[in-house]
Structures are given as structure tokens and as C-alpha cells.
Amino acid sequence: MQGEPVERYPEVPPETLRGEVRRITVIGEDVLHRRCRDVAEEEFGTPGLSRLIDDMFATMWVAEGVGLAANQIGVDLRAFVWDCFDEDGVRHVGHILNPVLDDLPAAARRLVDTAEGCLSVPGPRTDLARPDAAVVRGRDLVGRPLVVEGSGYFARCLQHESDHLAGGLYVDRLAAGERRAVLRDMEERKADVFARREVRTGELAALPRPA
Ligand code: ZN
């Protein structure tokens, strides 16, 4: 169950093994640039929602991401997943629906400049200042309330994915010149990134499934 520490978790999560790899949307596609809709009450606990989370895990694994939002596989729904380490080297694996990021008081906010990238801006990474702690509140697959706290890179991940669900990308937080440079870099590198995802899609398909 989410939120409970466990001794170990499979390197390739069961969600990933169950899921189907979907195409990752790229900057410029409409679904990435508008706010996603809330998961409706009657959708919690449905097989469709479980499948969505599994597909997001499979797609994130293939793309070697630490987080993925639903609109990154073209689904207009407020949901994201993660498989990410925090500043203590603790691995966090999970999903959240209808997340809301806590507003940190300015006094509690410490900005850190760290390289950030996005699966929907394939290739480049660039330094971006963000608070080094984050808390999101939402629901899990079956509708139970969920609070997720992150530090280090995991805090960055929670903020980055929350931005996605509001229709934002990390490049929207960059100065115009920096943003242009990142997008030029993406044009040069994206073919290599797509080729690598193809290879990993094959690798995932070849992994043994639990009986
Ligand atoms: Zn992203």
C-alpha cells in the first residue's frame, strides 16, 4: 500500500510489467498545454483507471523517466506517477490522482538549482530553480486520501508533474532565450531519444511476467 515503507520493491515495478507502452506526447500538442480534468468520483476503483496507471508506469520505464503525467500519454486526466529517489537516497514509487500542491510559506522555501528535463521535451536538460521540498495531497486509485511528501529530486518531480496537470511545462519557467536553446537542442537530439525508447520497449516486452 502506498505511503508504507517496504524493505524492497521490484526494480521493475509490477505496474510496469502489467502496463502497455503508449506514445509520449511532445511539446506543442494541445493536451500538454491546458489544465487536465479531475478524476470523477465514479471513476475511482475502476479497471480503466488501474490500466491507465499501469500504462503510465510502462511508458515511464521505457523512457527512463522518474515521473509521468497522464497528459504525457495523451489522457486528459489529473493523474501522475513516479519512481524517484529523494535526497536521502530513498526510492519512492507511486501514483496520485487529483493532486494539489501545498503552498509552502516563503520562509520555509529553499530554492535549489538542479538540472531538469521532461519526457515531452525529449533530449535536453537544463538548470531550473525550484523549492527543495514539496507536499501534494490527492487520492489513490480507489479514492483513499493520500499525502505525499518529497525532498531533493523527488520534490522537484512532484512539482514538475503538478505543473503538467495544470498545462505547464518546465520550459515555460525558463527565460525566452533559454527556452529557445532548449527547444533547438531537442530538435537535434529527439531522434536518438525515440530510438532508445524503441529499444527499451523491446526489452520490456521480453522481461518475464509473474505467473
Ligand atoms: Zn515532464
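Residues numbered from 1 in each chain as written. Predicted model: local features only at pLDDT ≥ 70, side-chain atom pairs only at ≥ 80, totals over all residues. Heavy atoms only, no water.

So, the side chain of Thr126
Link 1 in the chain: Relative to the assigned elements, Thr126 resides in strand S5 (residues 121-131).
Link 2 in the chain: Overall, the relative accessible area of 17% leaves Thr126 in the buried class.
Link 3 in the chain: Thr126 has contacts with Thr114, Ala115, Glu116, Tyr170, Leu174, Glu178 and Val182, leaving out every residue within four places of it along the chain. (Helix = DSSP H or I, 4+ residues; strand = E, 2+ residues; numbered from the N terminus. Buried < 20%, exposed > 50% of the residue type's maximum accessible area, 1.4 Å probe, protein only. Contact = heavy atoms within 4.5 Å.)

Describing the pairing of strand S7 (residues 145-151)
Put simply, side chains in a regular strand alternate between the two faces of the sheet.
Link 1 in the chain: Of the strand pairs in this sheet, strand S6 (residues 133-139) and S7 are connected by seven bridges, and their pairing is antiparallel. In the strand pairing of S7, Gly138 is matched with Leu146.
Link 2 in the chain: Hairpin connection from S6 to S7: five residues lie between these consecutive antiparallel strands, with Gly143 at a positive phi of about 100 degrees. (Pairing = 2+ DSSP bridges.)

Describing the environment of Leu77
Link 1 in the chain: Tracing the sequence through the fold places Leu77 in the loop between strand S1 (67-69) and strand S2 (79-85).
Link 2 in the chain: For Leu77, a relative accessible area of 5% puts it in the buried group.
Link 3 in the chain: Taking the C-alpha atoms as reference, Leu77 lies 16 Å from Gly94; in sequence the two are 17 residues apart.
Link 4 in the chain: Sequence-distant contacts of Leu77, defined by excluding residues within four places in its chain, comprise Cys36, Arg37, Asp38, Val39, Glu43, Leu49, Leu52, Ala70 and Leu165.

A closer look at the nonpolar core
Link 1 in the chain: Counting 20 residues, the largest nonpolar core has Leu49 and Met56 as the members making the most contacts within it.
Link 2 in the chain: Elements with a contribution of two residues or more to this core: helix H2 (47-62) and S2.
Link 3 in the chain: It is H2 that contributes the most residues to this core, six residues altogether. (Core = buried A, V, L, I, M, F, W, Y, C linked by side-chain atoms within 4.5 Å.)

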